[in-house]
Amino acid sequence: MTVRRVVPNIRSEAVQESREFYGLLGFEEVMNHGWIMTLASPSSPAAQISVMGEDRTAPVTPDLSVEVDDVDAAYAVVLESGAEIVHPLQDEEWGVRRFFVRDPSGRVVNVLGHR
């Protein structure tokens, strides 16, 4: 399993204002589903921040996202470890397969792969 990128998820009730603020630092919008927006650096596209009001398809808003090349393998490893699965492995309508797991510090990690 290979990690492709790690993206902090910033919870914000002021999504547009957050977009404008991070734009001052050189980030540009690369995805917007209304409830989640991802901003990336044009010169380094893997440098990203996601801003969301809430996760509309899961019970909690994750603290960060980790994209892997094999989400099913990641799920098997995490499940076998006994870590708390917060949101089960599933395909989402916007083209990702993902699950949420709680890390030892209590943070919720969205582990995903693109289909």
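Residues numbered from 1 in each chain as written. Predicted model: local features only at pLDDT ≥ 70, side-chain atom pairs only at ≥ 80, totals over all residues. Heavy atoms only, no water.

A. Region of the structure containing the overall build of the protein chain. The helix and strand inventory of the protein chain stands at 2 helices and 8 strands. Listing the helices and strands of the protein chain from first to last along the sequence gives β-α-β-β-β-β-α-β-β-β. At 14 Å, the protein chain has a C-alpha radius of gyration in line with the 13 Å of a compact globule built from 115 residues. By residue count, 41% of the 115 residues in the protein chain fall in the buried class. Restricting the contact set of the protein chain to residue pairs at least 6 apart, pairs at least 24 apart contribute 47%. Surface exposure of the protein chain reaches about 6,400 Å², of which carbon and sulfur atoms provide 50%. (Helix = DSSP H or I, 4+ residues; strand = E, 2+ residues; numbered from the N terminus. Rg over C-alpha atoms; globule rule 2.2 N^0.38 Å. Buried < 20%, exposed > 50% of the residue type's maximum accessible area, 1.4 Å probe, protein only. Contact = heavy atoms within 4.5 Å. Areas by Shrake-Rupley, 256 points an atom, 1.4 Å probe, with all protein chains shown as cover.)

B. Spotlight on the pairing of strand β4 (residues 44-52). In the sheet, strand β1 (residues 3-11) pairs with β4 via 3 bridges, with the strands oriented parallel. Bridging from a neighbouring strand, R11 pairs with M52 of β4. Inspection of the sheet shows strand β3 (residues 36-41) paired to β4 by 6 bridges, in the antiparallel sense. Paired with M37 across the bridge in β4 is V51. In this structure, the hairpin formed by β3 and β4 is closed by a connection of 2 residues. (Pairing = 2+ DSSP bridges.)

C. A look at the packing of aromatic side chains. All chains considered together, the criterion is met by 4 aromatic pairs. Note on F21 and Y22: the rings are 5.0 Å apart at their centroids and 85 degrees apart in plane angle, and the pair reads as edge-to-face. Take Y22: its relative accessible area is 17%, and that puts it in the buried class. Centre to centre, the rings of W35 and W94 are 5.4 Å apart; their planes meet at 70 degrees, and the pair counts as edge-to-face. (Phe/Tyr/Trp six-rings, centres within 6.5 Å; stacked < 30°, edge-to-face > 60°.)

D. Summary view of a nonpolar patch on the surface. A contiguous nonpolar patch, built from F21, L24 and L25 and spanning about 370 Å² of accessible area, is present on the exposed surface. On the secondary structure map, L24 appears in helix α1 (residues 15-24). (Patch = residues over 30% accessible without salt bridge, like charges linked within 9 Å, V, L, I, M, F, W, Y side chains within 5 Å. Salt bridge = Lys/Arg side-chain N within 4 Å of Asp/Glu carboxyl O.)

E. Layout of the sheet that holds β3. Here 8 strands make up an open sheet; going across it, the order is β2-β3-β4-β1-β5-β8-β7-β6 and the pairing mixed. This sheet does not close on itself; its edge strands, each paired only once, are β2 (28-32) and β6 (85-91). Pairs of neighbouring strands in the sheet enclose a mean axial angle of 25 degrees, with direction left out of account. Packing against the sheet, helix α2 (residues 71-81) makes contact with β5 (64-68), β6, β7 (96-102) and β8 (108-114), and its axis sits at approximately 20 degrees to β7. (Axes fitted to C-alpha atoms, helices over the stretch in contact; angles between N-to-C directions.)

Everything listed here is a matter of geometry and, on its own, says nothing about what the molecule does.
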